[in-house]
Amino acid sequence: GESVGLHLPTLSVQEGDNSIINCAYSNSASDYFIWYKQESGKGPQFIIDIRSNMDKRQGQRVTVLLNKTVKHLSLQIAATQPGDSAVYFCAEGRMGRRALTFGSGTRLQVQP
Amino acid sequence: KAGVTQTPRYLIKTRGQQVTLSCSPISGHRSVSWYQQTPGQGLQFLFEYFSETQRNKGNFPGRFSGRQFSNSRSEMNVSTLELGDSALYLCASSFTTGVGEQYFGPGTRLTVT
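Residues numbered from 1 in each chain as written. Chains lettered and ligands numbered in written order. Predicted model: local features only at pLDDT ≥ 70, side-chain atom pairs only at ≥ 80, totals over all residues. Heavy atoms only, no water.

1. Details of the environment of Arg 97 of chain A
Phase 1 of the analysis: Along the chain, Arg 97 of chain A falls in the loop between β8 (86-93) and β9 (101-102).
Phase 2 of the analysis: For Arg 97 of chain A and Tyr 32 of chain A, which are 65 residues apart along the polypeptide, the C-alpha to C-alpha distance reads 9.7 Å. (Helix = DSSP H or I, 4+ residues; strand = E, 2+ residues; numbered from the N terminus.)

2. Some words on the pattern of salt bridges
Phase 1 of the analysis: As enumerated under the stated definition, the model contains eight salt bridges over all chains in all.
Phase 2 of the analysis: We note a salt bridge from Arg 94 of chain A to Asp 31 of chain A, for which the minimum N-O separation is 3.8 Å. With Arg 94 of chain A in the loop between β8 and β9 and Asp 31 of chain A in the loop between β2 (19-24) and β3 (32-38), this residue pair connects regions lying 63 residues apart in the sequence.
Phase 3 of the analysis: Residue Asp 85 of chain B pairs with Arg 63 of chain B through a salt bridge whose shortest N-O separation is 2.8 Å. Note that Asp 85 of chain B is positioned in the loop between β8 (74-78) and β9 (87-94) and Arg 63 of chain B in the loop between β6 (53-57) and β7 (64-68), a separation of 22 residues in sequence.
Phase 4 of the analysis: Here Arg 63 of chain B falls in the buried class, since its relative accessible area comes to 16%. (Salt bridge = Lys/Arg side-chain N within 4 Å of Asp/Glu carboxyl O. Buried < 20%, exposed > 50% of the residue type's maximum accessible area, 1.4 Å probe, protein only.)

3. Side note on the confidence of the model for chain A
Phase 1 of the analysis: Predicted confidence across chain A gives a mean pLDDT of 91, with 94% of residues reaching 70 or more.
Phase 2 of the analysis: Considering each helix and strand of chain A separately, the mean pLDDT is smallest for β9 of chain A, with a value of 91, and largest for strand β6 (residues 62-67) of chain A, with 98. (pLDDT = per-residue confidence, 0-100.)

Laid out in structure tokens, this is it:
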């Protein structure tokens, strides 16, 4: 499959543990943030989004935290499973505009 | 519901040639965005089309262009190909412009030799 990055930071976790993937964003004017998951050979898959008027949002097994003061975003995955192994990207943007700016990605490896 | 489809999946071109890539969005989706993905630069936004109009444009040279048809299908064209244009080109569709979930296709892998 396609390689999304040769030198991505890698997070290795044990199956069943919780994972936390961090992202620093650059534009203080950004008011919309998204996490994507990309598996080998596939396009990015939407996981969860959050708007700047929130600091936390929960989905199924995932939680996104937003700290606008330090321009930091994190994705927490509960009870990580082997199927969660992928590259994870954060993206930032402005409401009303489709032009997203993506982070460089983090590779998550789940050890059985 | 069928997902986003992109054709061709793989393409090899020679420097100086031009190329056209195609994207068929999910049925009912009217917004199509294009992204370039490379190991060095990551995912970069190219442009977005909504109702046959370009709504947003990224920071790419004029050799990169696109269009959208009345059935929401979109094409992007790269003229005078350079080695650095080798990348995975991803198309994403959504129901509206602005915000909301985008659905990505599998991409077209372009290799320029």
